[in-house]
Structure formats: C-alpha cells, structure tokens
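Here is what each chain is made of, one letter per residue.
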Amino acid sequence: MKKFVNDPKDYVSEMLQGLALANPDTLRYVPEYNLIIRVDAPRENKVSIVQGSGSGHEPAHVMTVGKGMLDAACPGDVFSAPPADYVYEAVKLVASPKGVLLLVNNYTGDRMAFEMAEELSQADGITVRTLFIDDDVSVQDSTYTVGRRGVAGNFFVMKAVGAAAERGADLDEVHRIGEKVNSVTRTMGMALTACTPPAKGSPLFELPDDEVEMGVGIHGEPGRRRQKIQPADTLVRELLTAVVEDLPYTTGDRVALMVNGLGGTPISELYLVYGLAHKQLVERGIEIRHSYVGEYCTSLDMAGASITLVRLDDEISDLLAEPAQIPNHVF
C-alpha cells in the first residue's frame, strides 16, 4: 500500500485537522467529538443541519460544511458510524432556537447512532428531527443496512435543505423538503477496482482485471452481480436503465443529472460517462436542467462511478439553484 498516512488510527483526525487549517475563516475542528462545524454556527434565525457517517467518502460529509449546505459534520472512523455520544455533543454545539435537522444515510450503524443522539437531545429540550436518505437502487438490503442504502444522492438532500434553512424556513418545512427530494432521487454505481482502507493496507475485495462490480456499495458491499467489463456506452446504459426504471422517470421529466466519481477515476472519464448518460436521457425524452460531474460521495480510492437522477419540479429546481459555498467549491 502506498498512501500518505502516519498511524492509520490517526488518519481521520489528521485529515480533519488539515481541513480546518486550510479553511480557518469558515470551519472549526472540535477534536473531542470528531466535529467539523461552521464558525458562525449556530445561528438563531436558522435551522442547523448536521450529517455524519463513516469517513472515507469525502467530500461527503465533512467537506460539505458551509453556507447553503451543512452546519456541521460528525464523522466516524473510515467506513464506521460515529459514536452516538459524539453526535449528541455535536447537536448540543449547533442547537438553534429553530431546531436541528439530522441527515442520515441509511446504514444500520449510522441509524442507531443518530437515533440515540436524537433521543438524548430531545430529553435535553432540544428540538431535533431526523431524515433518512436511501437513494441507492442497486440492492434492497446489504451488508450494512436493512432497506436501500444512502449514497451520492445525499448531496441533493443536503443542497435543498441547506438552501431552505438559509432562507429561514422552519424545521417542519426543512424536513418536508428533504423528504421530498429523497423521494425523487435515485442512484446506481459500479466499481472498476476495490478500495484500500488505511487500517487494512490491502484492497477490501478482489476484483479481476476483466470484471466490474455492478451496483457496488460505497463501503465495498457486493452489488447486483459481477460481470465482464464492456464498452462505456453499454455500462452507462445499464446504470442509467436501473435508475430510470426504478422511480420511474418518464418522457417529459425534468431532472438533475450527477455523475459521481468513487475516488479513483479520472475526471476525463467522468465527463465521458456524463456525455453518454446525457445522450441516452435525451433519447428517452428526459430533459436535463442541472448537471453535476465530479466527486461528491467517494469510497476512498475506488475506481468507478455512480449516476444519480433527481426528478425536478419548480421548488426543487429553485433550491438547487441557490448559491452555496463549501471548501474549495462554490455551487
């Protein structure tokens, strides 16, 4: 394994420290709770938005803390849920008179940690709501969860609820918007290679050079099947068909289209995938209104990509168009 790493157990804390040092005007690191928080949080006139999960999926979620997105992110170790008491302490630090919304990707460990933190916070008199994100169409149940997994589509939930919160919406309204966006968001991914967690020092699973994992999870969970690698157009069509037919998306729909890299795929290949997906959607009579290409929810250094669609109406499209600012990006 060749990685920039000292002691693997310090990997997350050193990464978070570097993130805060690079963004001193906007972010603060609270090492006691693995917390990245906006320097201006909490704000009395704004619902606070918090998300967290295992590390290794950056920029989700610690690098999406900023204006118009998250107020704080509370990650665990690589591919591990944060401790419930860390989430609880994070909620207390960002508690606003308008309440706190917890966003949780649907994995068993994350659900347990955030549900417990919600109960503890409510016992303290803090107004808290929790929203579970489950956009992955690959499999119904997996190694890490019961029900569908939350993957790259979480970006759109963060973006919409973050925009609504910045506008001053109350907690019920912010929660409603999050549920609405989640309900019309679908994702499917595939792996070309496995990833290598620092603590393991070797690939998480074996994938022959001539095979791909279709529907892989962002923790390396098995997908729908392994199959021989095929031309990009064929692979994209399989991913897109699975996404389109699940909701389903139909002729005349307006959508946001995201091609998300899983950590080890060149941006040139991601744009190639986007171009193919765009063409195939146009063939189906589906109109692309918002486009996103890059890394939004990764799996360390896994080579691969996912495709996400969001069915738009005027409300969702307007929220996604709101400006947001996070480390190294302005959306």
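**A short note on the pairing of strand β6 (residues 128-133)**
With six bridges connecting them, strand β5 (residues 100-105) and β6 associate as parallel partners. Bridged to Leu-101 within β6 is Arg-129. Following the chain from β5 across helix α3 (residues 108-123) to the adjacent parallel β6, one finds a crossover that is right-handed.

**Here we look at helix α4 (residues 154-166)**
Every α-helix winds through 3.6 residues per turn, so residues three or four apart in the chain are directed the same way. A rise of 1.5 Å per residue sets the reference length of α4, with its 13 residues, at 18 Å; its end C-alpha atoms lie 18 Å apart and thus fit the reference within 8%. With its phi angle positive at about 100°, Gly-168 sits one or two positions after the end of α4.

**Here's the deal with the sheet that holds β5**
The strand order β1-β2-β4-β3-β5-β6 describes an open sheet built from six strands, whose pairing is mixed. Strands with a single pairing partner mark the edges of an open sheet, and in this sheet they are β1 (27-30) and β6. Looking at chain direction, strand β3 (residues 48-51) and strand β4 (residues 72-73) are connected through two bridges and run parallel. The residue bridging Gln-51 from the neighbouring strand is Ala-73, located in β4. The strands touched by helix α1 (residues 11-22) within the sheet are β1 and β2 (35-38), with β1 carrying the most contacts at an inclination of about 150°.

**So, the sheet that holds strand β9 (residues 225-228)**
Spatial strand order, β9-β8-β7-β12-β10-β11: six strands in an open sheet with mixed pairing. The strands lining the two open edges of the sheet, one partner per strand, are β9 and β11 (287-294). Averaged over all adjacent pairs, the angle separating strand axes in this sheet is 20°, with direction ignored. Sheet topology note: the strand β7 (residues 185-191)/strand β12 (residues 304-311) ladder contains seven bridges and is antiparallel. From the neighbouring strand, Thr-185 faces β12, where its bridge partner is Val-310. Packed onto the sheet, helix α7 (residues 267-283) meets β10 (254-261), β11 and β12 and runs at close to 165° relative to β11.

What counts as what
- Residues numbered from 1 in each chain as written.
- Predicted model: local features only at pLDDT ≥ 70, side-chain atom pairs only at ≥ 80, totals over all residues.
- Heavy atoms only, no water.
- Pairing = 2+ DSSP bridges.
- Helix = DSSP H or I, 4+ residues; strand = E, 2+ residues; numbered from the N terminus.
- Right-handed = clockwise from strand over helix to strand, strands pointing away.
- Expected span 1.5 Å × (residues − 1).
- Contact = heavy atoms within 4.5 Å.
- Axes fitted to C-alpha atoms, helices over the stretch in contact; angles between N-to-C directions.

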